[in-house]
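Below are the chains, spelled out letter by letter.
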Amino acid sequence: MDKFEKMLVDYTGVKKAVAVVNGTAALHISLNLSGVKKNDEVLLPTLTFIATANAVSYVNAIPHFVDSEEKTLGTDPQKLFDYLKKVGDIRKDACYNRNTGRRIRALVAVHTFGHPVDLDSLQNLCEHYGIILIEDAAEALGSFYKKRHVGNWGKFSILSFNGNKTITTGGGGAILTHDKNLGKLAKHITTTAKKPHKWQFNHDRIGYNYRMPNINAALGCAQLEQLSTFLEQKRCLAKRYAEVFRRIKGVRFFPEPNFARSNYWLNVLLLDNSHRHERDGVLETTNSRGIMTRPSWTLMHKLPMYEKCPRMDLSVAERIEQTLINIPSSAMDCMTVNVV
Ligand SMILES: *Cc1c(COP(=O)(O)O)cnc(C)c1O
């Protein structure tokens, strides 16, 4: 376990990594230790995996959904800045929602399908409005923003090692931080907050049993050693896709943003607007022929438990949702894509 955490620190460049049972638990603890309180609002993209929104609910906070941009598929910093100019009320370095009166405590920035979001801009925005930045890098191990690994901008950042992610520990996740003391606290609270002692069981706060089992951490060490090979294969596949789809009308392959080197965790096709009605047909045909394509996640604000949450205009995320298709992205696929 200590070895896996050390390897994560060395690879990502953060000060402290804490291995936990899964990425959702890592988000839960990151929000908790960021001081997100009951009835605070937390900004997060509506275009994300359900775990991001659920973790906000676990700390009794309220998701506040923000729009994405076509350039990164993640949060649009300019649009969010303009929105907060209208909706945000800055009092004593803290930002409140003018409409609800609740404090907007944090922003969870998601690196969607492994593509880094515009971190410098979002960090500036958070500083300006007194909002805590947390990076959901669950999908982005091996992705770099301006030559630095993602996870280095948030107060906390998280990774996932679920079976479908770039590397896996069976199930698992990690909390990353630059603050050594917060890192220690994260370790403490994810291991039942037990005070170190030879035999006594003393606990000094409500803790969680979120520790990653050693057997999973051992897997993680072996997987991390293969990461650079996986990343090479994924880039090779993405390059092949880019070449193939350049010749096909009505659809484009989504490339990494120009400031980023992406891990291409899950490859993305975007249909031209005029072809959006063909999405379901493409999904039907490909899946019936054994090619595993998938639509976008259903947007968070359309799910029953989140439909009443506060939100800004979400028109870009809605357009992305209607035109996006995920295509096979396993590192192995690089050898077979010639067939497509
Ligand atoms: C996978 C994922 C998570 C959660 O990770 P688990 O390990 O499955 O709990 C969180 N956020 C995003 C964006 C993810 O893709």
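Residues numbered from 1 in each chain as written. Predicted model: local features only at pLDDT ≥ 70, side-chain atom pairs only at ≥ 80, totals over all residues. Heavy atoms only, no water.

Caption draft 1: Here's a closer look at the pairing of strand β2 (residues 41-45). Of all 5 residues making up β2, 5 are buried, and the element is well covered by its neighbours. In terms of handedness, the path from β2 via helix α3 (residues 50-58) over to strand β3 (residues 62-66) forms a crossover that is right-handed. Sheet topology places β2 next to strand β6 (residues 104-110); 3 bridges connect them, and they run parallel. Its bridge partner being in β6, L43 is matched across the sheet by L107. (Buried < 20%, exposed > 50% of the residue type's maximum accessible area, 1.4 Å probe, protein only. Helix = DSSP H or I, 4+ residues; strand = E, 2+ residues; numbered from the N terminus. Right-handed = clockwise from strand over helix to strand, strands pointing away. Pairing = 2+ DSSP bridges.)

Caption draft 2: Local environment of the side chain of Q223. When you line up the elements, Q223 lands in helix α7 (residues 214-246). Q223 sits in the buried class, given a relative accessible area of 14%. Those residues in contact with Q223 that lie beyond four places of it in its chain are I167, T168 and F230. (Contact = heavy atoms within 4.5 Å.)

Caption draft 3: A look at the sheet that holds strand β15 (residues 294-295). Within the open sheet, the 4 strands sit side by side as β12-β14-β16-β15. Their pairing is antiparallel. Strands with a single pairing partner mark the edges of an open sheet, and in this sheet they are β12 (251-253) and β15. With 3 bridges joining them, β12 and strand β14 (residues 267-271) adopt antiparallel strand pairing. Residue pairing in the sheet places F253 in a bridge with L269 of β14. Those strands touched by helix α9 (residues 315-323) are β14 and β16 (324-327), and its axis lies near 50° from that of β16. (Axes fitted to C-alpha atoms, helices over the stretch in contact; angles between N-to-C directions.)

Caption draft 4: Structural view of the site of the ligand. By nearness alone, 15 residues border the ligand, and G23, T24, E139, S160 and K165 come closest of all. At a separation of 2.8 Å, a nitrogen atom of the ligand approaches a polar side-chain atom of D136. Residue S160 places a side-chain N or O atom 2.7 Å away from an oxygen atom belonging to the ligand. In isolation the ligand exposes 380 Å². Once the protein is present, 93% of that is buried. When residues of the shell around the ligand are traced back to their parent elements, those giving at least two are α2 (23-33) and α3. Of the residues that constitute the shell around the ligand, the class distribution is 4 nonpolar, 8 polar and 3 charged. (Near = heavy atom within 4 Å. Polar contact = N/O pair within 3.5 Å; in protein donor to acceptor, adjacent residues only side chain to side chain. Areas by Shrake-Rupley, 256 points an atom, 1.4 Å probe, with all protein chains shown as cover. Nonpolar A, V, L, I, M, F, W, Y, C, P; charged D, E, K, R; others polar.)

Caption draft 5: A look at unusual backbone geometry. One non-glycine residue, D93, lies in the positive phi region at around 65°. Take D93: it is sitting in the loop between β4 (88-91) and β5 (94-97). A positive phi angle is found at Y264, which is not glycine, with a value near 50°. In this fold, Y264 is placed in the loop between β13 (260-261) and β14. By relative accessible area, Y264 is classed as buried at 7%.

Caption draft 6: View of the environment of I206. Counting through the fold element by element, I206 comes out in the loop between α6 (180-189) and α7. A relative accessible area of 69% places I206 in the exposed class. Along the primary structure I206 and L269 are separated by 63 residues, whereas in three dimensions their C-alpha atoms are 45 Å apart.

Caption draft 7: Representation of helix α4 (residues 77-87) in the model. Within the span of α4, buried status applies to P77, L80, Y83, L84 and V87. The arc that holds every buried residue of α4, seen down its axis, measures 125°, which confines them to one face. Facing away from the buried side of α4 by over 90 degrees, the exposed positions are Q78, K85 and K86. Its side-chain oxygen placed 3.1 Å from the backbone nitrogen of Q78, D76 serves as the N-cap of α4. (Arc of directions from axis to C-beta.)

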